[in-house]
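Residues per chain, in single letters:
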Amino acid sequence: MTKNTALLALLGLTFFQCSTDTDWRSKNQELIEKYNLQTTSVNLPENGIALLTEPGQVLAKNQQQSFELAEGINATLFYGNGAMTARLNLEPGSGINRDTLPADRFLFVLEGSVAIQINGEDEVLTAKAREEQDGTHGGMPVSPFFYQKKGSLNQFTAGENGAKLLEIYAPVRADYLAKSGVTDVPQQVRVENTVEPSVQPDVIYDLYDILLSVISETINARIISGETIQIGFTQIDPLSEIPPIADPVEKLEVALRGKASLMTLGRNRNLEKEDVLYLPPNMVHGVSTDSFGLDVLEVIWPAQERIRSRISEARKAYHEIIPENAKAELLVDGSKTKPTLIFTEGPKWMNGKVYFSNMFFDQNFGASPKKSSTIEMDPDGHYHNITQGKMQTNGLYPYKNGNLIVCDMMGHRVVEMSTTGKVIQVLADEYNGKPIDGPNDVITDKKGGFYFTDPQFTMEPEKFQPGRAVYYVNADREVIRITEPNEFAMPNGILLSPDGKTLYINNCYDDESWFPVNSEKENYVWAYDVNEDGTIRNGRQFAKLLLPENVLNRKGKSSSADGMAIDTEGNIYVATYMGVQIFNNQGAFIGIINLPTFPVSLCFGEADMKTLFITSFDKVYKIRTEKTGYVNYM
């Protein structure tokens, strides 16, 4: 896959005999020469099927036709010479009863649920949409899928709410063509060159567990390989310009979300959700996205070794940090244990324990210190309150004398607290003679000082300070504001590099109609050089945090970046809407740890400091890593 490949597109559903083959090839050759593109000569077999639209022309959703595949099942087909997609809408209880697959297939559950039989076992696969975050919920999306070889059993039944499925076949499925109205059903076409599939046959996966890889500065994709096709679920950033390219493969593409202007054959064409496109080998195409960005599905035929190699390289980098078979393990379900957990935050490892805040929020983020507590947890998940009903603490960090430094967010102060919950002393509670608002996260340095963020996430409608800010408190207890008020729309998580020379600050919310501040910090972790006096300089974008579809749909820049952790090599781990996003010490994106609910904060722990403990609303997860976490113990 070339660096700036704008993944994806499909076709339509009125049959089109391509009488202008010479014309489009001639125009395409002009574009190849105009943009000085290098092409590879290909000679792919053809199956003789009449195309559903001209090469390079967008077929809008309202121009596409569907048909009854079986009782209660409505299907829309798209195909080229080597692959076919079928979008199926299933009424409750409808299904396919025991037939044999005539081609290799991927099946994705997009909505609803289906009962299937795979490897002789009965399974129910249920898709879940992403939940909008509130004070008590934040469920992550789920899209189950599996890969089956030709000759496998095909059987599925929709659940009580029906289902929407996506099937992708290679080669095309002749019986589907016949049912759709194609009269001259061709012989199947299959190329001999194959690649090693990136998933195992007859194994159920979640699409969101597939590694999201960086394709270019503005393109990210989840790529899955079969033997003869590759499938890309790709995200192109808002306001991106993808220069013209020409790839030596056939592509079927469908827009999944957003809008774009697509250039083919020298013309710009609008591409919106569920519009489709067919691109023959070496067709020149470029993409310009609007302020929504674009999510697209691309089916590539034949499968390319260079794409498979790219997947392998990305997986290798990820698995150098997260072991091959490691998955987030539910350690505590605080909805079932006592004391009940509600919104867990700020975990830190000290003396063989994990300490974290158990904050009370209602669904509208209404807080209550009287219903909040601070927790001490053993590595096996057993826990108890060390203080309750007195403070609504947030970020914690190991401090002097075996104590903790604690953000008492609703109490407008940062305190030193013993591990039995006793407040030893107040370390910071005002700036410029006025109370601080809501200290959120905290980190100590090697000079006896500490940094804390204050996003003013408190209940008082009138704030004490002029805006959201980050502060440094030196060893003499002098409080210094190190960012301008509202320089960050919502400064949240904060880290120091192991050498103490670089301070990292993330921005939780930005560019939202419902949030009172907009800034230029947007969806980034920012890095700063640390001066000798603890102040900072040379602010720069360090890592771009990826955004989910619901944020992009409202043109927001909110990653919900919250707690962060760092290892001894300087790799950073950020809890966000998308999961735990991992970046190397140069800010390059490595991958995402997927969870059932979106993570709020995290820390390294256990004796070797190689386990991540991840807090997520009323739950705590853990996952093993290959890296050693870093904590500044004073």
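About the criteria used
- Residues numbered from 1 in each chain as written.
- Predicted model: local features only at pLDDT ≥ 70, side-chain atom pairs only at ≥ 80, totals over all residues.
- Heavy atoms only, no water.
- Patch = residues over 30% accessible without salt bridge, like charges linked within 9 Å, V, L, I, M, F, W, Y side chains within 5 Å.
- Areas by Shrake-Rupley, 256 points an atom, 1.4 Å probe, with all protein chains shown as cover.
- Salt bridge = Lys/Arg side-chain N within 4 Å of Asp/Glu carboxyl O.
- Lys, Arg positive; Asp, Glu negative; His and termini not counted.
- Charge placed at Lys NZ, Arg CZ, Asp CG, Glu CD.
- Helix = DSSP H or I, 4+ residues; strand = E, 2+ residues; numbered from the N terminus.
- Core = buried A, V, L, I, M, F, W, Y, C linked by side-chain atoms within 4.5 Å.
- Buried < 20%, exposed > 50% of the residue type's maximum accessible area, 1.4 Å probe, protein only.
- Contact = heavy atoms within 4.5 Å.
- Phe/Tyr/Trp six-rings, centres within 6.5 Å; stacked < 30°, edge-to-face > 60°.
- Lys NZ or Arg CZ within 6 Å of the ring centre and 35° of its normal.
- Polar contact = N/O pair within 3.5 Å; in protein donor to acceptor, adjacent residues only side chain to side chain.
- Pairing = 2+ DSSP bridges.
- Axes fitted to C-alpha atoms, helices over the stretch in contact; angles between N-to-C directions.
- Disulfide = S-S within 2.5 Å.
- Expected span 1.5 Å × (residues − 1).
- Arc of directions from axis to C-beta.

Visitor: It is not clear to me how a negative patch on the surface should be interpreted in this structure. Could you clarify?
Guide: A contiguous patch of negative charge, built from Asp476, Glu478, Glu532 and Asp533, is present on the exposed surface. Looking at the element boundaries, Glu478 is found in the loop between β31 (469-473) and β32 (479-481).

Visitor: Where do I start with the nonpolar core in this structure?
Guide: Membership of the largest hydrophobic core comes to 65 residues, with the highest contact counts inside it found for Met377, Phe450, Tyr451, Phe452, Leu503, Tyr573 and Leu612. Once you skip the residues sitting within four places of it in the chain, Met377 turns out to touch Leu331, Val332, Lys353, Val354, Phe356, His382, Tyr383, Phe613 and Val620. The next biggest cluster of nonpolar side chains, apart from the first, holds 33 residues, and it includes Ile49, Leu52, Val109 and Ile116.

Visitor: Would you take a moment to explain the packing of aromatic side chains for this structure?
Guide: Two aromatic rings, taken as a pair, are described by how far apart their centres are and by the angle between their planes. Evaluated as defined, the whole model comprises 25 aromatic pairs. A ring pair is formed by Trp349 and Phe613, whose centres lie 6.0 Å apart and whose planes are at 10°; its orientation type is stacked. A residue pair is termed long-range when its members are at least 10 positions apart, and Trp349 in strand β19 (residues 343-350) and Phe613 in strand β42 (residues 611-616) qualify at 264 residues. Across this residue pair, the class does not change: Trp349 and Phe613 are buried. Between Lys521 and the ring centre of Phe488, over which it is positioned, the NZ or CZ distance is 5.2 Å.

Visitor: Just to check I follow, could you spell out the environment of Thr126 for this structure?
Guide: You can see Thr126 is positioned in strand β6 (residues 121-126). Through-space distance from the C-alpha of Thr126 to that of Ser113 is 4.2 Å; in sequence the pair is 13 residues apart. Those residues in contact with Thr126, other than ones at most four positions away along the chain, are Gly112, Ser113, Val142 and Pro144.

Visitor: Please explain the environment of Tyr472 as it appears in this structure.
Guide: Within the secondary structure, Tyr472 sits in strand β31. There is a polar contact of 2.6 Å between the side chain of Tyr472 and the side chain of Asp445.

Visitor: Teacher, can you tell me more about the sheet that holds β31 here?
Guide: Either a parallel or an antiparallel arrangement is found when strands of a sheet pair, and the pairing is made through backbone hydrogen bonds. Here we have four strands laid out as an open sheet, ordered β29-β30-β31-β32, and antiparallel in their pairing. Both outer strands of the open sheet, β29 (442-444) and β32, are each paired with one neighbouring strand and no more. This sheet shows a mean twist of 20° between the axes of neighbouring strands, independent of strand direction. In this sheet, β31 lies alongside strand β30 (residues 450-454) in antiparallel orientation, the contact comprising five bridges.

Visitor: How should I be thinking about the state of the cysteines in this particular structure?
Guide: By definition, a disulfide links the sulfur atoms of two cysteines through a covalent bond. Under the definition given, this model contains zero disulfides. Looking at the unpaired Cys603, the closest cysteine sulfur is the one in Cys407, lying at 15 Å.

Visitor: Sorry if this is basic, but what is going on with the sheet that holds strand β41 (residues 601-605) here?
Guide: Pairing is antiparallel in the open sheet, where four strands are placed in the order β18-β43-β42-β41. A strand with exactly one partner marks an edge of an open sheet, and here the two such strands are β18 (329-333) and β41. Ignoring strand direction, the axes of neighbouring strands in this sheet form an average angle of 25°.

Visitor: Got a minute to help me understand the pattern of salt bridges in this structure?
Guide: A side chain of one charge can pair with a side chain of the opposite charge when the charged atoms of the two come close. Throughout the structure, instances matching the rule amount to 31 salt bridges. The partner of Asp175 in a salt bridge is Arg173, and the shortest N-O contact between them spans 2.7 Å. It is possible to trace a salt-bridge network through shared partners that takes in Asp333, Lys336, Asp618 and Lys619.

Visitor: How should the pairing of strand β25 (residues 413-417) be read in this particular structure?
Guide: Side-chain positions along a regular strand alternate between the two faces of the sheet. Extensive coverage of β25 is indicated by the burial of four of its five residues. Between strand β24 (residues 404-408) and β25, which follow one another and run antiparallel, lie four residues, and His412 among them has a positive phi close to 60°. Bridge count between β25 and strand β26 (residues 423-428): four bridges; the pairing is antiparallel. Within β26, the residue paired with Met417 across the bridge is Val423. Taking the residues between adjacent antiparallel strands as the criterion, β25 and β26 are bridged by five residues, where Gly421 takes a positive phi near 95°.

Visitor: What exactly am I supposed to notice about unusual backbone geometry here?
Guide: Among all residues except glycine, the phi angle is most often negative; among peptide bonds, the trans geometry is most common. A cis amide bond links Ala170 to the next residue, Pro171, at an omega of 0°. Assignment of secondary structure puts Pro171 in the loop between β8 (153-170) and α2 (174-180). Even without a glycine there, the phi angle at Asn36 is positive, about 55°. Note on placement: Asn36 falls in the loop between α1 (21-34) and β1 (67-70).

Visitor: Please explain the side chain of Lys627 as it appears in this structure.
Guide: For Lys627, the position within the fold is in the segment after β43 (619-624). Here Glu569 takes part through its side chain, which lies 3.1 Å from a polar atom of the side chain of Lys627. Setting aside its immediate chain neighbours within four residues, Lys627 contacts Glu320, Ile321, Asp567, Glu569, Asn571, Tyr573, Phe604, Met609 and Lys610.

Visitor: What exactly am I supposed to notice about the environment of Arg310 here?
Guide: You can see Arg310 is positioned in helix α3 (residues 305-319). Take Arg310: its relative accessible area is 27%, and that puts it in the partly exposed class. From its side chain, Arg310 meets the backbone oxygen of Ile215 in a polar contact 3.0 Å long.

Visitor: Before we go on, may I ask you to explain α3 in this structure?
Guide: An α-helix turns once per 3.6 residues; consequently, residues spaced three or four apart project the same way. The terminal C-alpha atoms of α3, which comprises 15 residues, lie 21 Å apart, in line with the 21 Å expected from a rise of 1.5 Å per residue. Residues of α3 that are buried: Ile307, Ile311, Ala314, Tyr318 and His319. Seen end-on, α3 carries its buried residues on one side only, within an arc spanning 130°. In α3, the exposed positions angled more than 90 degrees off the buried face are occupied by Glu313 and Lys316. At its buried positions, α3 is contacted by β10 (212-216), β11 (219-225), β12 (230-236), β17 (285-301), β39 (579-583) and β40 (589-593).

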